[in-house]
Structures are given as C-alpha cells and as structure tokens.
Number of protein chains: 2
Amino acid sequence: MSAGRNLVVAQSGGPTPVINSSLQGIAEAARDLGAIGTVYGARHGIEGVLREELLDLSAQPAEEVSLLRFTPAAGSIGTCRYKLKSGQDEDFERVIEVFKAHDVGYFLYIGGNDSMDTANKIARLAAERGLELVAVGVPKTVDNDVGDSEFQLIDHTPGYGSVARYWMQMVQNANEENAGSCPADPVLVMQAMGRKIGFIPAAARLADPRREMPLQIYLAESPCTLEQLADQVNDQLRRAGRCLVVISEGFDVGELGEMKDSFGHTEFGSSKLTVAQVVVNYLNQAGLATKGSARGNVPGTDQRHAMAYASPVDLDESYCVGRKAATLAAAGEGGFMATILRNPGPYSVRYEKVPLSDVANSERSFPAGWIAESGYDVTDDFLRYARPLVGNDMVGLPLVDGRQRMTRFAPIYAEKLLPAYVPQADR
Amino acid sequence: MSAGRNLVVAQSGGPTPVINSSLQGIAEAARDLGAIGTVYGARHGIEGVLREELLDLSAQPAEEVSLLRFTPAAGSIGTCRYKLKSGQDEDFERVIEVFKAHDVGYFLYIGGNDSMDTANKIARLAAERGLELVAVGVPKTVDNDVGDSEFQLIDHTPGYGSVARYWMQMVQNANEENAGSCPADPVLVMQAMGRKIGFIPAAARLADPRREMPLQIYLAESPCTLEQLADQVNDQLRRAGRCLVVISEGFDVGELGEMKDSFGHTEFGSSKLTVAQVVVNYLNQAGLATKGSARGNVPGTDQRHAMAYASPVDLDESYCVGRKAATLAAAGEGGFMATILRNPGPYSVRYEKVPLSDVANSERSFPAGWIAESGYDVTDDFLRYARPLVGNDMVGLPLVDGRQRMTRFAPIYAEKLLPAYVPQADR
C-alpha cells in the first residue's frame, strides 16, 4: 500500500453499462500512479460517505476489478439519488468529517451536472474547513445531457454510446418483426429514456441510416399533438403498410401521474401510465388506417443495464476518462471534471479537464439543427456525430456456466471511526 | 433445379429469434435431398398462399439463406395471424387451387398447435380434391406451449430456449441495477410474455439458480391478489431492501382492456394497460415498506426478436427440426410434425415425428410440480429442464458497419397463375 492520502470514489444518479469502466480506470490508475493511498468506493454514492460505508477497493482481487468492464449498472459499489442540498449543512459537514477521519485527500464523483455541482461544493467547504481535498468529477449519463450545447465542455457523456448501440440494434431487430408480422401488428411503439433531451430516441436512426424503414422518431424537443402523431403514423401505414414509432419518455402527451425523484426530476419509470401506452391507446381507439393494432414496448431500465449492447468505444472511453480523473487528482488538479473532447478529422478523442463550475452551470440541449424538417426524424449531422460512439463490434461477455460473470467484491470496509449518522433527508 | 414437385413453406403466429433457422434447415435440406423442386416461401404465412405470393427461395443466393441463422423474427418471408377457420371453405379451396397451379407437393407449416391443426385440415382436403400433398408441421413458439404436459409429443418448442436466455441475462443485468440503485428504486417489475403459460417468466430463475437475488416470479398459473403480492414484495423489502418482480403478462390483475387477435387469443401488447403497470401503480399507491418507489419494464416483442440473446442450442435445434421436416416431406411422410425429444442422461435430443392430429388435440400446461411452495418461484426440477436449452455461449452476430447483417431476399416470386383473391376474413 502506498503512503499517499486516500481516495474516495462515489457514483450518483442512474447507472449505465459503462459506469463501472470508469470505476475500473480510477482504481487501476490510482494503483499505478503510486501517489494515492487506499481507494475506497462509497456504498450507494454520497449516502455511503455520510454513513461511513467505504468499501476498500485496493484490497479487492485484481480479477474482480478488471471484471468491472463487463459489469453493468452500479451493483459493484452502488449509486444513489440522494442529493446534498444547499441548506443541508449538517450533511456537508459530515462529509468533511468522514474524509478527515479517513485521511481522504481525493474525492472523485461520477455523475451528471448535479453531481459536478455537489463535488464543487464539497471541495470549497473542505478548503474552508482546512481539509486539503482534491475533488475531480467524472462524467456519466445515458442521456448525454452533461455539459454544453456547443460540445465544448464535453463531446459526449460516457454511457450514451452504449444506450445508442442498444437502440441501433433493438430497432433493427424490431424492424424484422414489424416487417414480418404486419398486417397483424402494423404499428410498434417503443419508448426511449432521456427525460426531456432527445439523444437516446434519436439514436434509433442509427438502425437505418439510409431511411429504408418506416421509422418515426418523436423527441420531446419536437412536440406535436396526439392527433398529429396519429395522422403521421397513418400516412406511413398508407405508404408502407407498417410503422415503427420511437418516442421519448418525456414527450408531452398530457398527465401521466409522474413521481419525482429527490433531484426533482420526473421519474418516468414509476409513473401511472407511460407515454407509449398513451400513444398505443390513442392509435387503437382512433383506429388505424390499415387493419391490425398498435402495440408498445417499454424497455425501461434495461436500456441502461443491458451489457450485451455495450459499445466498445464507450467502454474504452469510460475507462480512459476514469484514468484521466485519477491522474488529475494525483497531480493535485482539483475543481475539474475529466472530459472527452473530439478531435477534428476521422473519429478520435482526447481527454482533458474542464472546471467543475463550468459544467455545473452549463445545460445541454439537443441541437435544433439535428431535428429533421418533418419533426419526427433526425438529420445526417446527428448520425455523423453519433455513429462513431457505438463502435463497430459487439463486446464479448465473459460467461460462466452460461451466465454473465460479473464483479463480486468482497465486503472489506474501512473501519467505522465516527458515530453513526442519519442523512438529513432520511430523518 | 430438381425435377421433383415444389414445396411451400409458411410461418404462422408470433415470430422468434430462431424461426428463420427452421426456414434455413428446410431450404437447405430440400436442396440437398434432390427429390424436391422449387422451395417457395409464402409471404405472410397462409395469407401469402391465398394471395398467391410465393417467394422463390431456391433462386436466392446461398449466402442470404445461410444468414437466416442470424435474422430474427419473420422479416424474411413474414408470418401472419390469419386463421383458416372451419366454415371458411372458400379459403381452404383456394389453398388447394394455388397448390395445384404451382405443382406443390409439399406443404411445411411452421407454427404452434393451431397451425398444426390447419396443416392437418389442408392435407385432408387435398386428399379429397385429388391433390397428392405431403403436409408436415414444424414446431415454433416462444411460449413453449406446443404439445402435451408430459413432454412426450415434444420436449420443448424451438424459440423457447432463446427467450429463456433473454430472461436469464436480462434479470442478471437488472439485478445489478437494482442492487446498485436501491434505496431509490427498490422494486423493479418486469413483465414477461407467455399469455397463460409460465415457461417464459419461469426462465428468470435461470439468472439466479442459487437463489441469491431477491427475485419473485409470478406465473399466471399461481394467482394471488394484488394485496398478497404487495405483502410478499414488502416482506422481501424488509429482508433484502429491494425486490425484483417478474410477472406474466397473463397474470390476473383485473380488467386491462385487452384486444383479441384473430385466433381469439388475448393481445397483451395492445391492451390499454399492462400487468406491470397495474402492479407498479398498486405498490406505489399502497406505499412500499422501504423508501423509494417501484418501477416497471415491459420489454414486449423485444423478447422474441432480440437476436443478441439467441440460444446457440435453440438455433441448432431449430435448424435440425427444419431439416427433419423437409426430410419427412421428401420421404412422403405427411400428416406429421417434426419434433424434438430429449434423451435420458446428459442433455441430448433426437428428431422424430408425431402425428399432426395428436399435436392439434394436445394442450400443454406448466407442470404444477415446478411451481415452488411459496407460489412465487419455480423449483430446481424446472431449472434442470430449462438450463440446457439456453446453451453455454452467446451467439456472435455478423455485423457490417456496426449494424447486424441480416438476410435480404431478392423479390423473386412465382408467376401469378390464378385470378386475384381476397382472403375471406378480409372481405
């Protein structure tokens, strides 16, 4: 074990198939760099810090760490939706206390814009409290909503390439069924994640770059009424006899009875009705232009944990951005997010740093110019952006007795040195 | 081209990832056997026969035929839900007319119990009308509901092993997210296909044969009230902090506003509400025993067209049962379904024939002894039955420019020799 100060890494928000690749990059770089002591993974994100549940990643077998590449979602150390809110000073103070008790000199936070903000706040408070803490952010979200709309803070978020590949392949396969089983089931509605930002449903176009399928893509950014949507679907039915509809979970179809998560974001997965269901019901009630009926698929969280569709490019980049973050930390470069920027020319990227505060204060939207004139498609410019992110190959998964072999960490935790603590929001 | 009489193959009902493997087996065996003339694929099942839309499979490049192994669903020649009903004599007479006009001596029907019945009726009518027609059935259904409950007519249906593999892997991946993202999303409800028969939801247990996950499986055959279900989920939450629920689309949760297909089967995919949604809403309304909320995934048709999860065993067997059917046909053994029977000892199968009428009159149910005492799990006997069907490996898919390479047949059709015809049900 190195004599350097210790590192805590935590994950926040929804998982991705590649979030653990970043974790692997951090753990392996920290080991290689020598400057860093023990690497701890906070169990269930910042809640694990508050509760002083710090899994010792340095003590885990190298094989388990390397299997993180093939382990989706956040099962290894866990994530959370717990938000350190302004005004919850006790929580912030507790984080500093825990870091002090465990000689934590490095804090790496894997997450989206909100998490970059939190990391920034913790770093500032640490400085006020006399704790030298290097806080570095690691981008992650399937939605590709981190950073700015000009792609200058980050080109794309780790996680997005894999869900894009998911949609590319799923729609290809769905098209085979739709082509083969019409006229009985001429309309298939598929609901995509991404809240109010359209990168995920847009990726369905990767299944059919030449526009040979009767595919319509409805982004939240390009709203229309259910009546318009039905007209467009029926026009497609008259032309092609069938229609594939990809629709964002955030497309406005009226009241769904959504629940909110602790970030205040709408939780579409636990709403009382889904967008796909509303559309299917509307189409079936209004009656289709051809015989048969509409049906809906809501793959839900499978989009962000189906390891079989992980993009090899996404996996590699997630790993590298994790390594970059650890390298920044070891060099004392706090207050930054490790980022991925695209080079001009044939696809390649470089790993850089951008100020956490810039990311925290930025907002990305789906470029208006990437929405096609029809309103229910995306342009070739989008395809040129997204195509390299899904890679060329599928990732071979390690299997044991037919099942996926995933990381299983031994329950080796840092000794609890402080009194028990209940996070403020849980009281 | 051989001088033998021609063969028509048609697909019926819902597709599977391996239905085209059977088609490949038929096409390649017919070519190898020599006794058979041209192989025609009826476009969209029996409707293609009625409309005289006969795709010439013998004229297709061998490469496209061999790619059928990696082409899911029924996009290649198409399937239908059109049922030749008793009393629709005109339809039956038209089939015979078309077969006579195209010198069809062999009719191979890929489908479930209903299709075996139809094949049998056509064979009998052909005999009455002086047409020598060898009709052979080829089993297919993801539900595994063909044949008898004693597994004597068939051990398992081609298609089932692949959807079983889908559930094995999907639940493994879902468990990673559920473990990692609780406490925020402690309950994930996943809806499985299979109408009223529980083989598909049961396959979720393959993800966790040692019962280490907090997984509950609700089969239609083991009903309970929503209140009981919620109690069981909440007990699991108290024990494990989280719960994975797999539930059959046919589980009785009250009125869903289902539509019926032309076989009279409930079409769960186009109902006004899904079982998963009803369960999620009930759990969230009643309130969970832990903090957080329930959410639902409804993968829908993806279960039966996701090629990435195809079982290699299922692919091989589907191919072989197709070859067996063609071989039976060439030998003049009409009135049979080619079938798969399991040998005693370590897993192996043999391909046999069983009378179509036996299959048509049989009904399979999920063995009561395979439902666990709790009512929401299956037993190890089920696992011993199902485990070999999913195989040990994942199937490598051919990709071109990152996308799946699938069969694309050239539009080479038999010349239309008869007046146009509108199927009776479509008038």
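Residues numbered from 1 in each chain as written. Chains lettered and ligands numbered in written order. Predicted model: local features only at pLDDT ≥ 70, side-chain atom pairs only at ≥ 80, totals over all residues. Heavy atoms only, no water.

**A short note on the overall build of chain A**
A tally of helices and strands in chain A yields twelve helices and 15 strands. Relative to a compact globule of 427 residues, whose C-alpha radius of gyration would be 22 Å, chain A shows 22 Å and is just as compact. Reported as C-alpha extents along the three principal axes, the dimensions of chain A are approximately 70 × 45 × 40 Å. Here the analysis covers contacts within chain A between residues at least 6 apart in sequence; of these, 78% occur between residues at least 24 apart. A total of about 14000 Å² of accessible surface is found on chain A, and carbon and sulfur atoms cover 48% of it. Across chain A, the mean location of the 41 positive side-chain charges is 2 Å away from that of the 54 negative side-chain charges. (Helix = DSSP H or I, 4+ residues; strand = E, 2+ residues; numbered from the N terminus. Rg over C-alpha atoms; globule rule 2.2 N^0.38 Å. Contact = heavy atoms within 4.5 Å. Areas by Shrake-Rupley, 256 points an atom, 1.4 Å probe, with all protein chains shown as cover. Lys, Arg positive; Asp, Glu negative; His and termini not counted. Charge placed at Lys NZ, Arg CZ, Asp CG, Glu CD.)

**As for the relation of the copies chain A and chain B**
Both copies of the chain are placed relative to one another by a rotation about an axis and a shift along it. With an RMSD of 0.0 Å, the fit of chain A onto chain B corresponds to turning through 180° and sliding 0.0 Å along the axis. What the rotation and shift describe, once combined, is the action of a two-fold rotation axis. Interface residue correspondence from chain A to chain B reaches 100%, placing this contact among same-surface, isologous pairings. (Least-squares fit on C-alpha atoms with pLDDT ≥ 70 in both.)

**Considering the pairing of strand E13 (residues 349-355) of chain B**
All names here are of chain B. By the bridge criterion, seven bridges tie strand E12 (residues 336-342) to E13 in an arrangement that is antiparallel. The partner of Met337 across the bridge, within E13, is Val354. Between the antiparallel neighbours E12 and E13 lie six residues, among them Gly345 with a positive phi of about 90°. (Pairing = 2+ DSSP bridges.)

**Thoughts on the packing of aromatic side chains**
Applying the stated criterion to the full structure yields 33 aromatic pairs over all chains. Note on Tyr218(B) and Phe251(B): the rings are 5.8 Å apart at their centroids and 80° apart in plane angle, and the pair reads as edge-to-face. Of this pair, Tyr218(B) sits in strand E7 (residues 215-218) while Phe251(B) sits in the loop between strand E8 (243-248) and strand E9 (259-260), placing them 33 residues apart in sequence. In this structure Tyr218(B) comes out as buried when scored by relative accessible area, which is 1%. Taking NZ or CZ as reference, Lys353(A) lies 4.9 Å from the ring centre of Phe336(A), over its face. Here the basic side chain of Arg427(A) rests over the ring of Tyr421(A), its NZ or CZ set 5.2 Å away from the ring centre. (Phe/Tyr/Trp six-rings, centres within 6.5 Å; stacked < 30°, edge-to-face > 60°. Buried < 20%, exposed > 50% of the residue type's maximum accessible area, 1.4 Å probe, protein only. Lys NZ or Arg CZ within 6 Å of the ring centre and 35° of its normal.)

**Things to note about helix H9 (residues 275-286) of chain B**
In an α-helix, one full turn covers 3.6 residues, which means residues spaced three or four apart are oriented alike. Residue and element names in this part refer to chain B. Helix length check: H9, at twelve residues, gives a terminal C-alpha distance of 16 Å against a target of 16 Å (1.5 Å per residue), a fit within 8%. With nine of twelve residues buried, H9 lies mostly within the body of the structure. Residues of H9 that are buried: Val275, Ala276, Gln277, Val278, Val279, Val280, Asn281, Leu283 and Asn284. Taken from the residues just after H9, Gly287 is the one with a positive phi, measuring 90°. (Expected span 1.5 Å × (residues − 1).)

**A few points about the sheet that holds strand E11 (residues 294-297) of chain A**
All names here are of chain A. Overall, parallel pairing links the four strands, which are arranged E7-E8-E6-E11 in an open sheet. Across the chains shown, the open sheet's two edge strands, defined by having one partner strand only, are strand E7 (215-218) and E11. Ignoring which end each strand starts from, the neighbouring axes of this sheet average 20° apart. Two strands pair when backbone bridges link them, and strand E6 (residues 187-192) and strand E8 (residues 243-248) are joined in this way by six bridges, in the parallel orientation. Looking at the pairing, Met190 lines up with Val246 of E8. Its contacts with the sheet place helix H8 (residues 226-240) against E6, E7 and E8, and it is angled at close to 165° to E7. (Axes fitted to C-alpha atoms, helices over the stretch in contact; angles between N-to-C directions.)

**Description of the confidence of the model for chain A**
Per-chain confidence: chain A averages 94 in pLDDT, with 96% of residues scoring 70 or above. Among the prediction metrics, the complex's ipTM stands at 0.95, with pTM recorded as 0.96. (pLDDT = per-residue confidence, 0-100.)

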